[in-house]
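# Report on the structure
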Amino acid sequence: MILVTGGAGFIGANFVLDWLASNDESVVNVDKLTYAGNLENLASLQGDARHVFVQADIGDSAVISALLQQHQPRVVINFAAESHVDRSIHGPEDFIQTNVVGTFRLLEAVRAYWNELEHEAKSSFRFLHVSTDEVYGTLSPTEPAFTEDHNYEPNSPYSASKAASDHLVRAWHHTYGLPVLTTNCSNNYGPLHFPEKLIPLMIVNALAGKPLPIYGDGMQVRDWLYVRDHCSAIRRVLEAGKLGETYNVGGWNEKANIDIVKTVCALLDELRPRGDGLSYAEQITYVTDRPGHDRRYAIDARKLERELGWKPAETFETGIRKTVQWYLDNPQWVQNVQSGSYRDWLQKQYAAKAST
Ligand code: NAD
Ligand code: DAU
């Protein structure tokens, strides 16, 4: 079986759903269930014996060690993190605790477990660390996209904490021989995305008749990848990645924020027109910029394509249409997230378990 951390969040949940849709290897899913963890994301796996959910902190060494002993995973994938840049600006402490201290403690627990494995299990074991392109800092409009050799120049508390975690993972390989792989991915979008991030926030605000807040001039550029393509890249790196290497993952979809928001508005105009006949773009509002806002990210994903044969399946046009449609089809998920009632799910879930 495999063990994933952070599998109740956006990318982790998409990964677990994808994994169990395409093979029968069980998943132990360890998630602290912070505000970003939502067990409703995994509701379709209720009663599926291949999915074992455990509410725990990656920084809780005793619990993580016990889980590793109990389940004997052949792989650990670390998705768990505090992931929102704006939150890291308002309160960096949680980012240091989870992304730095938590990753350190997880690495130590995994190292102790791995050291005790028998020869074959030891040599085939993998620890895959899921990271971000933000560790590379920002690009001017004309600079080439980030390769794996780009200097680390993180600019936000979030990206600095992720950069620190990448360095720890690297060091645990070089010093202790832990068989690690690291992926650095660009901006994901798709189903189950928490509506604090740009694309889901714009969809839910548009439908609610609220302003669509664009930071600064809206000309910051991000490189967008449909979340299921990120999941397929992680699976591929797990299968064939070279130990100790890092792989950049991206969609070759550089877009300015304002163009993303206009695209979302145009899709909503088509799929769920406003009652007054006006475009959702009328709701666009320019607001004060994010402090230290990185101007441009762009991923050069050629290494992953050349060495492991991975390519994204979705274009931005197909992926964004699916995403907008998913939010239109799942108003209850949105409502539960917005009202906070998704956090009752755990209680409901375990109350139901206790009574059977
Ligand atoms: P998310 O915020 O949606 O989910 C994070 C999950 O981790 C949540 O379920 C949360 O409960 C859990 N978690 C947080 N702290 C924990 C702890 N101490 N112990 C156990 N679980 C904990 O994040 P996401 O967007 O799904 O990102 C997943 C990973 O991918 C992160 O490591 C992030 O840095 C990385 N990443 C994200 C993107 C993106 O665009 N979203 C892009 C590249 C890389
Ligand atoms: O690049 C990968 C990273 O992408 C991940 O590592 C992070 O976990 C993930 O959150 C994301 O970071 P960003 O800061 O790029 O994502 P966010 O959705 O917060 O913002 C995208 C862009 O949109 C960014 O330039 C800020 C801008 N923005 C965002 C929000 C929430 C706005 O203009 N208005 C908004 O309301």
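Everything numeric here is computed off the predicted structure, so don't read it as measured data.

### Here's the deal with the site of ligand 2
Within the structure, ligand 2 sits among 24 residues, and Thr132, Asp133, Tyr158, Arg290 and His293 are positioned closest to it. At 2.7 Å, a side-chain N or O of Asn187 approaches an oxygen atom of ligand 2. A distance of 2.7 Å is found between an oxygen atom of ligand 2 and a backbone nitrogen or oxygen belonging to Leu198. Across the complex, the protein chains shield 94% of the 690 Å² of accessible surface that ligand 2 would expose by itself. Where the shell around ligand 2 is concerned, the elements lending two or more residues are α7 (198-207) and β8 (212-215). When the residues that make up the shell around ligand 2 are grouped by side-chain class, the tally is ten nonpolar, eight polar and six charged.

### Considering unusual backbone geometry
Of note, Leu33 is a non-glycine position whose phi angle comes to about 60 degrees, a positive value. Position of Leu33 relative to the elements: it lies in the loop between β2 (27-31) and β3 (51-55). In this model, Trp252 sits at a positive phi of 55 degrees, which is unusual for a non-glycine residue. Mapped onto the fold, Trp252 is located in the loop between β10 (246-249) and β11 (254-256). When its relative accessible area of 46% is taken as the criterion, Trp252 is described as partly exposed.

### Digging into the packing of aromatic side chains
Geometrically, a pair of aromatic rings is defined through the distance of the ring centres and the angle of the planes. One pass over the full model with this rule turns up 16 aromatic pairs. An angle of 50 degrees between the planes, with centres 5.3 Å apart, marks the rings of Phe15 and Phe79 as tilted. With Phe15 in helix α1 (residues 10-22) and Phe79 in the loop between β4 (75-78) and α3 (85-90), this pair connects stretches of sequence that are 64 residues apart. You can call Phe79 buried: its relative accessible area is 11%. Between Tyr35 and Phe194, the ring centres sit 5.3 Å apart and the planes meet at 80 degrees, which makes this aromatic pair edge-to-face. Placement of the pair is Tyr35 in the loop between β2 and β3 and Phe194 in the loop between β7 (187-189) and α7, with a sequence separation of 159 residues. A relative accessible area of 14% places Tyr35 in the buried class.

Criteria and thresholds
- Residues numbered from 1 in each chain as written.
- Chains lettered and ligands numbered in written order.
- Predicted model: local features only at pLDDT ≥ 70, side-chain atom pairs only at ≥ 80, totals over all residues.
- Heavy atoms only, no water.
- Near = heavy atom within 4 Å.
- Polar contact = N/O pair within 3.5 Å; in protein donor to acceptor, adjacent residues only side chain to side chain.
- Areas by Shrake-Rupley, 256 points an atom, 1.4 Å probe, with all protein chains shown as cover.
- Helix = DSSP H or I, 4+ residues; strand = E, 2+ residues; numbered from the N terminus.
- Nonpolar A, V, L, I, M, F, W, Y, C, P; charged D, E, K, R; others polar.
- Buried < 20%, exposed > 50% of the residue type's maximum accessible area, 1.4 Å probe, protein only.
- Phe/Tyr/Trp six-rings, centres within 6.5 Å; stacked < 30°, edge-to-face > 60°.

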